[in-house]
Amino acid sequence: MTQDERYMREALKQARKAYALGEVPIGCVIVHQDKIIGRGYNRRNTDKNTLAHAEITAINRASKKMGDWRLEECTLYVTLEPCQMCAGAIVQARITEVVMGSMNPKAGCGGSILNILEMPEFNHQVQVKRGVLAEECTQMLTLFFKELRVRNKLEKEAARERALSEQIPEKKKEESVEMKGKMEYNKK
């Protein structure tokens, strides 16, 4: 097992924490001098916070550990290609290298849609490795979204059932009022 695979497995452990919360399973670790100094996993829905991405959490923790916002000579391992916010934060933090698992063709900004990490126009560029344990990272994401679609379908069906069951008592109430009206009319 290579060093990159070892640390990507640590990022996958973080992704499993997100999965357990029902969050999109994205995990991240930041390594400095062969030690993990920051960990993070996706918590956007749990925290109700747009910024609660795995990379942002790991950057915050690594910065506290280093006592500096500059994370030079650090490597960030992430299970899914960073979005534009995270890619920008990585560049701003001066992280030296990013190692990615899965690519993100719909929202990735580490080479798929944009490549913010390696743009020569910025004052800092990041070295990038793609596809480390890509199959494992992709499988976890694929399974999550498959389960999410099933869960959403079941929730939709349950909501429809509840709506129907709420309509039935309402109809009975209307029928009862209508019958009461007829009875009073017949008394006259």
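The structure displayed is predicted, hence computed values, not measured ones.

Peer 1: Please explain the packing of helix 3 (residues 54-66) against helix 4 (residues 84-92) as it appears in this structure.
Peer 2: With their axes 9 Å apart at the nearest point, helix 3 and helix 4 run at an angle of 25° to one another. Relative to helix 4, the element helix 3 is oriented roughly parallel. In terms of crossing hand, the pair formed by helix 3 and helix 4 is left-handed. Residue-level inspection shows Glu 55, Ile 56 and Ile 59 of helix 3 in contact with helix 4, the latter providing Met 85, Cys 86, Ala 89 and Ile 90.

Peer 1: Sorry if this is basic, but what is going on with the pairing of strand 4 (residues 97-102) here?
Peer 2: Sheet faces and side chains relate simply in a regular strand, where the side chains alternate between the two faces. Across the 6 residues that make up strand 4, a large majority, 6, are buried. The sheet contact formed by strand 3 (residues 74-80) and strand 4 spans 5 bridges and is parallel. Note that in strand 4 the partner of Val 78 across the bridge is Met 100. Bridging between strand 4 and strand 5 (residues 127-129) involves 3 bridges; their strand directions are parallel.

Peer 1: Looking at this structure, how should I read the packing of aromatic side chains?
Peer 2: Each aromatic ring pair is summarised here by two numbers: the centre-to-centre distance and the angle between the ring planes. In this structure the tally under the stated criterion is 3 aromatic pairs. Geometrically, the ring pair formed by Tyr 7 and Tyr 77 is tilted, given 5.4 Å between the ring centres and 40° between the ring planes. Residue Tyr 7 is located in helix 1 (residues 3-20), and its partner Tyr 77 is located in strand 3; the two are separated by 70 residues in the primary sequence. Each member of the pair Tyr 7 and Tyr 77 is classed as buried. A ring pair is formed by Tyr 19 and Phe 144, whose centres lie 5.6 Å apart and whose planes are at 75°; its orientation type is edge-to-face. Within this pair, whereas Tyr 19 is found in helix 1, its partner Phe 144 is found in helix 5 (residues 134-187), the two being separated by 125 residues in sequence. On the basis of relative accessibility, which here comes to 4%, the residue Phe 144 falls in the buried class. Taken together, the aromatic side chains of Tyr 19, Phe 144 and Phe 145 make up a single cluster linked through ring pairs. It is Arg 6 that lies over the ring of Tyr 7; its NZ or CZ is 4.5 Å from the centre.

Peer 1: It is not clear to me how the pattern of salt bridges should be interpreted in this structure. Could you clarify?
Peer 2: As a working rule, side chains carrying opposite charge can pair if their charged atoms are close by. Going through the model one piece at a time under the given rule, you end up with 9 salt bridges. Its salt-bridge partner being Glu 118, residue Arg 130 comes within 3.0 Å of it at the nearest N-O pair. Of this pair, Arg 130 sits in the loop between strand 5 and helix 5 while Glu 118 is found in the loop between strand 4 and strand 5, placing the two residues 12 residues apart along the sequence. Here Arg 130 falls in the partly exposed class, since its relative accessible area comes to 37%. A relative accessible area of 31% places Glu 118 in the partly exposed class. One salt-bridge network, in which partners are shared between bridges, spans Asp 4, Glu 97 and Lys 129.

Peer 1: What exactly am I supposed to notice about helix 1 here?
Peer 2: In an α-helix there are 3.6 residues to a turn, and that puts residues three or four apart on one side. Taking 1.5 Å per residue, 18 residues should reach 26 Å; helix 1 reaches 26 Å between its end C-alpha atoms and fits that length. Of all the positions in helix 1, only Asp 4, Tyr 7, Met 8, Glu 10, Ala 11, Leu 12, Gln 14, Ala 15 and Ala 18 are classed as buried. Positive backbone phi, approximately 80°, marks Gly 22, located one or two places after helix 1.

Peer 1: Would you mind showing me how to read the side chain of His 124 here?
Peer 2: Mapped onto the elements, His 124 comes out in the loop between strand 4 and strand 5. At a separation of 2.8 Å, a polar atom in the side chain of His 124 contacts the main-chain carbonyl oxygen of Ile 95. Setting aside residues no more than four positions away along its own chain, His 124 makes contact with Val 91, Arg 94 and Ile 95.

About the criteria used
Residues numbered from 1 in each chain as written. Predicted model: local features only at pLDDT ≥ 70, side-chain atom pairs only at ≥ 80, totals over all residues. Heavy atoms only, no water. Axes fitted to C-alpha atoms, helices over the stretch in contact; angles between N-to-C directions. Helix = DSSP H or I, 4+ residues; strand = E, 2+ residues; numbered from the N terminus. Parallel < 35°, antiparallel > 145°, perpendicular 65-115°, else oblique. Left-handed = near helix turned anticlockwise from the far one by under 90°. Contact = heavy atoms within 4.5 Å. Buried < 20%, exposed > 50% of the residue type's maximum accessible area, 1.4 Å probe, protein only. Pairing = 2+ DSSP bridges. Phe/Tyr/Trp six-rings, centres within 6.5 Å; stacked < 30°, edge-to-face > 60°. Lys NZ or Arg CZ within 6 Å of the ring centre and 35° of its normal. Salt bridge = Lys/Arg side-chain N within 4 Å of Asp/Glu carboxyl O. Expected span 1.5 Å × (residues − 1). Polar contact = N/O pair within 3.5 Å; in protein donor to acceptor, adjacent residues only side chain to side chain.

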